[in-house]
Each structure stands twice: as structure tokens, then as C-alpha cells.
Amino acid sequence: MINIHNQTQLDTLKQEKEAILILFGGTNCGVCQTIKPQIKTSFSDKFPTLTMAYINCEHTQEICAQHGVFSLPVVQVFFMGQKFIEEIRGFSLLALGQKIEQVFTKMNH
């Protein structure tokens, strides 16, 4: 999972990668720290072209505010630079995986 430290780094990723999952979290967010490795484990093999990134909102508040992230955790999934999926706070990784799979399926047809 790539750690994002500034908006330029994030913009570059959005331009270069077809699909990006961004986890907005924080060091003091227990749920964030729990789901971070679970996301990596769940989606790495299933979606090999999905780039995964992490933004620590405690250190980069301006990026989080620009993306409308005001509670944690938040997952946003971008395809071709456009946000397709957003999950906030209580969400299922299984359901998130199904949503990602639906978009990949539509894109490949």
C-alpha cells in the first residue's frame, strides 16, 4: 500500500493508474489500522491491477478535506481518475470487493 503525503503525489497516481483504492485513515483510528492490512490481503490477489494507497488524515488534513473526508475510515475507489465508489465508517470489505468487481467487469466489456 502506497503512503500518500501530498496532493501532487495523489494526482500523479490518479493519472498514471487505471484503478486506485484510497484508504483515508489515522494512526489513532483503531478501525483504520485493523482494516488496512485486511484490505491489502483481500484485494491484492483478487484485483492485481488495483493500486492501493493510504492517506493518514492526522498528517495530511488538507488532502482529506479536499476529498470530503471528515470521519474515519473512508475508502474511495477511482477508475480512470473518476471516483466510482465511496465507503464511510461502517462498511463491509466483502461488499466493497463486490462493488469493485462490478466496475472492473463493466470496464472490461
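Scroll up to find the structure this text is about.
Residues numbered from 1 in each chain as written. Predicted model: local features only at pLDDT ≥ 70, side-chain atom pairs only at ≥ 80, totals over all residues. Heavy atoms only, no water.

A. Structural view of the overall build of the chain. Helix and strand counts for the chain come out as four helices and five strands. Listed by position from the N terminus, the elements making up the chain come as β-α-β-α-β-α-β-β-α. Compactness check: the chain gives a C-alpha radius of gyration of 13 Å against a globular reference of 13 Å for 109 residues, within 12% of the reference. The C-alpha extent of the chain, read off along each of the three principal axes, is 40 × 30 × 20 Å. (Helix = DSSP H or I, 4+ residues; strand = E, 2+ residues; numbered from the N terminus. Rg over C-alpha atoms; globule rule 2.2 N^0.38 Å.)

B. Up close: the side chain of T60. Tracing the backbone through its elements, the reader meets T60 in the loop between β3 (50-56) and α3 (61-66). T60 gets classed as buried once you look at its relative accessible area, which sits at 5%. Excluding residues within four positions of it along the chain, T60 makes contact with I4, H5 and I55. (Buried < 20%, exposed > 50% of the residue type's maximum accessible area, 1.4 Å probe, protein only. Contact = heavy atoms within 4.5 Å.)

C. The sheet that holds strand β4 (residues 74-79), seen in detail. Strand order in the open sheet made by the five strands is β1-β3-β2-β4-β5, with mixed pairing throughout. The sheet is open, and its two edges are formed by β1 (2-4) and β5 (82-88), each paired on a single side. Taking the axes of each pair of neighbouring strands and ignoring which way they run, one obtains an average angle of 25° across the sheet. Pairing analysis gives six bridges linking β4 to β5, with the strands arranged antiparallel. Bridging from a neighbouring strand, V77 pairs with I85 of β5. Of the strands in this sheet, β1, β2 (19-25), β3 and β4 touch helix α1 (residues 7-16), which is tilted by about 130° from β1. On top of the sheet, helix α2 (residues 30-44) reaches β1, β2, β3 and β4; it is set at about 165° to β2, its chief contact. (Pairing = 2+ DSSP bridges. Axes fitted to C-alpha atoms, helices over the stretch in contact; angles between N-to-C directions.)

D. View of the packing of α2 against helix α4 (residues 93-107). Between α2 and α4, whose axes approach to 11 Å, the crossing angle comes to 40°. Judged by the inter-axis angle, α2 sits oblique to α4. The two elements α2 and α4 cross, and the hand of that crossing is right-handed. Listed contacts from α4 to Q38, I39, S42 and F43 of α2 are L93, L96, G97 and I100. Counted by class, the contact of α2 with α4 contains five nonpolar, three polar and no charged residues. (Parallel < 35°, antiparallel > 145°, perpendicular 65-115°, else oblique. Left-handed = near helix turned anticlockwise from the far one by under 90°. Nonpolar A, V, L, I, M, F, W, Y, C, P; charged D, E, K, R; others polar.)

E. The nonpolar core, seen in detail. Residues L21, I39, F43, L50, V77, L96 and I100 are the most contacted members of the largest nonpolar core, which totals 20 residues. Secondary structure elements with two or more residues in this core: β2, α2, β3, β4 and α4. For this core, the element with the highest residue contribution is α4, accounting for five residues. With residues up to four places along the chain from it excluded, the contact list for I39 reads M1, L21, L23, S44, M52, V75 and L93. L10, A53, C57 and V69 belong to the second largest nonpolar core, which has 14 residues in total. (Core = buried A, V, L, I, M, F, W, Y, C linked by side-chain atoms within 4.5 Å.)

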